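# Fold and geometry: a report
Now for the letters of each chain:
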Amino acid sequence: MSIWEYANPTRFMQTSGKLLPLVSVLSFACLIVGLVWGFFFTPDDYRQGSTVKIIYLHVPSALMAINAWMMMLVASLIWLVRRHHVSALAAKAAAPVGLAMTLIALITGAIWGEPMWGTYWAWDPRLTSFLILFLFYLGYMALWAAIENPDTAADLTSILCLVGSVFALLSRYAVNFWNQGLHQGASLSLDKEENVADVFYFPLLVSIAGFVLLFLALVLLRTRSEIRLRRASALISRERLS
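Computed from a prediction, not measured in an experiment: that's the story for all the values here. (Residues numbered from 1 in each chain as written. Predicted model: local features only at pLDDT ≥ 70, side-chain atom pairs only at ≥ 80, totals over all residues. Heavy atoms only, no water.)

### Section: the UniProt feature "transmembrane region" (unreviewed entry) in the chain
This is how the line gets drawn: UniProt positions are given in the numbering used here, feature names are shortened, and annotations may be inferred rather than shown by experiment. By definition, any uninterrupted DSSP run of H or I lasting at least four residues is a helix, any uninterrupted run of E lasting at least two residues is a strand, and each is numbered from the N terminus.
This chain's UniProt record puts "transmembrane region" (unreviewed entry) on residues 20-41, 61-81, 93-112, 127-147, 159-179 and 199-221. The span residues 61-81 is 100% helix and 0% strand, and its two end C-alpha atoms sit 30 Å from each other. For residues 93-112, helix accounts for 100% and strand for 0%, while the C-alpha atoms at its two ends are 30 Å apart.

### Comments concerning the packing of aromatic side chains
Quick reminder of the rule: We call Phe, Tyr and Trp rings a pair once their centres come within 6.5 Å, taking the six-membered ring for Trp, and we label the pair stacked below 30 degrees between planes, edge-to-face above 60, and tilted otherwise. Three labels apply to residues, based on accessible area from a 1.4 Å probe with only protein chains included: buried if under 20% of the type maximum, exposed if over 50%, partly exposed otherwise in between.
Scanning the entire structure with this criterion turns up 6 aromatic pairs. Their ring planes at 70° and their centres at 6.0 Å tell us that Trp-69 and Tyr-140 sit as a pair that is edge-to-face. You can see Trp-69 sitting in helix H2 (residues 55-82) and its partner Tyr-140 sitting in helix H4 (residues 125-146), a full 71 residues away along the chain. Exposure class is identical for Trp-69 and Tyr-140. Each is buried. A centroid spacing of 5.4 Å and a plane angle of 75° characterise the contact between Tyr-201 and Phe-202, whose relative ring orientation is edge-to-face. What makes Phe-202 partly exposed here is its relative accessible area of 44%. Taken together, Trp-69, Phe-136, Tyr-137 and Tyr-140 form an aromatic cluster joined through their ring pairs.

### Section: H4
Note the cut-off: Residue count minus one, scaled by 1.5 Å, sets the expected span of a helix.
End to end, H4 covers 31 Å across 22 residues, agreeing with the expected 32 Å (1.5 Å per residue, within 8%). Every buried residue belonging to H4 is among Pro-125, Arg-126, Leu-127, Ser-129, Phe-130, Leu-133, Phe-134, Phe-136, Tyr-137, Tyr-140 and Trp-144, and all of these are buried.

### Regarding unusual backbone geometry
Of note, the phi angle at Arg-83 is positive, near 60°, even though the residue is not glycine. If you trace the backbone, Arg-83 turns up in the loop between H2 and helix H3 (85-117).

### Concerning the nonpolar core
Rules: Only buried residues count toward a nonpolar core. Its members are Ala, Val, Leu, Ile, Met, Phe, Trp, Tyr and Cys residues joined through side-chain atoms within 4.5 Å. Residue contacts follow a heavy-atom distance rule, with two residues in contact if any of their heavy atoms lie within 4.5 Å.
The biggest cluster of nonpolar side chains holds 34 residues, and the ones touching the most others in it are Trp-69, Met-72, Phe-130, Tyr-137, Tyr-140 and Phe-215. Every element with two or more residues in this core is listed here: H2, H3, H4, helix H5 (150-177) and helix H6 (198-241). With 10 residues, the top contributor of residues to this core is H2. Sequence-distant contacts of Tyr-137, that is, excluding residues within four places in its chain, are made with Ala-65, Ala-68, Trp-69, Met-72, Ala-95, Gly-98, Leu-99 and Thr-102. Met-13, Leu-213, Ala-217 and Leu-220 belong to the second largest nonpolar core, which has 11 residues in total.

### Some details on H3
Residues that lie three or four places apart on an α-helix share one face, since the helix turns once every 3.6 residues. The terminal C-alpha atoms of H3 lie 46 Å apart, and with 33 residues this matches the ideal 48 Å at 1.5 Å per residue to within 8%. Following H3 by one or two positions, Gly-118 adopts a phi angle in the positive range, close to 85°.

### Quick word on the pattern of salt bridges
Under the convention used in this document: Salt-bridge detection follows one rule: a side-chain nitrogen of Lys or Arg within 4 Å of a carboxyl oxygen of Asp or Glu.
Taken as a whole and judged by the stated rule, the model has 4 salt bridges. We note a salt bridge from Lys-53 to Asp-44, for which the minimum N-O separation is 3.8 Å. Its relative accessible area of 10% is what places Lys-53 among the buried residues. For Asp-44, a relative accessible area of 48% corresponds to the partly exposed category. In this structure, Lys-92 engages Glu-226 in a salt bridge whose closest nitrogen and oxygen atoms are separated by 3.4 Å. Of this pair, Lys-92 sits in helix H3 while Glu-226 sits in helix H6, placing them 134 residues apart in sequence. Among the charged side chains, a network of salt bridges with common partners joins Lys-92, Arg-222 and Glu-226.

### What about the side chain of Arg-224?
Short version of the rule: Think of it this way: Lys and Arg go in the positive column, Asp and Glu in the negative one, and His and the chain ends go nowhere. Here a polar contact is recorded for every N or O atom pair within 3.5 Å, except that within protein the pair must consist of a potential hydrogen donor and a potential acceptor, and residues adjacent in sequence are included only if both atoms are side-chain atoms.
Residue placement: Arg-224 occurs in helix H6. One buried charged side chain, Arg-224, makes no salt bridge at all; its nearest oppositely charged neighbour is Glu-226, positioned 13 Å away. Here Met-13 takes part through its backbone oxygen, which lies 2.7 Å from a polar atom of the side chain of Arg-224.

### Some thoughts on a nonpolar patch on the surface
What counts is decided by this rule: Patches were defined on residues exceeding 30% relative accessible area and lacking a salt bridge, with like-charge contacts within 9 Å and nonpolar side-chain contacts (Val, Leu, Ile, Met, Phe, Trp, Tyr) within 5 Å. Accessible surface area values rest on a Shrake-Rupley calculation with a 1.4 Å probe, where residue burial reflects the displayed protein chains alone.
Together, Phe-28, Ile-32, Val-33, Val-36, Trp-37, Phe-40, Phe-41, Phe-202 and Leu-205 line one region of the surface with nonpolar side chains, adding up to about 940 Å² of accessible area. Of all elements in the fold, only helix H1 (9-40) and H6 reach the threshold of two or more residues within the nonpolar patch. The biggest single contributor to the nonpolar patch is H1, with 6 residues. Tracing the backbone shows Ile-32 in helix H1.

Structure follows, in structure tokens:
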């Protein structure tokens, strides 16, 4: 069985219909466990106090904001190379979800940053690249809405996605490229010494799992909706021609 079989809309609808309930339940369970564990059963930080608990929203949403764009990049490349419509629709479906994740990351980052930095915003390399990524999400969605021909829209948004990937990568690695800036280093790292303390680390992993599964569930749901809309549009066009 080839993975490209799922590029067939009928096959995708059948498979996603079976996966969606399971993924939704798992995402809900992980979010409840991770957030309740993190907010109510972890201690305050000795420096940051209770504000450190924003980490359970900020880090997962920031992680998904970046990875949502990277998922859109992969789907866009598949569209450009193999012309599979499901991949183009999946990229389109992921954009509003990624936009929401970016907005959550920006808002929670501002709330977290004010007591630590004394300001809600600074033109820090990571913050600035994240803001630009947010604008790219808006531009991507606006471009889809502005072009009537779906194939042309998929082509142009795929090119925009390629360009925006630079800022998605900068958002992830900005603190490694530039030493200046207020934003702290990565909360999760392969280097155990750079990780947050275990008491925060394990509920954070559960929260991240919840956000990943939530993203997957929303993308599956929205892709299914996009396929139905495309089918309905095709039927309307046929009726007009007949």
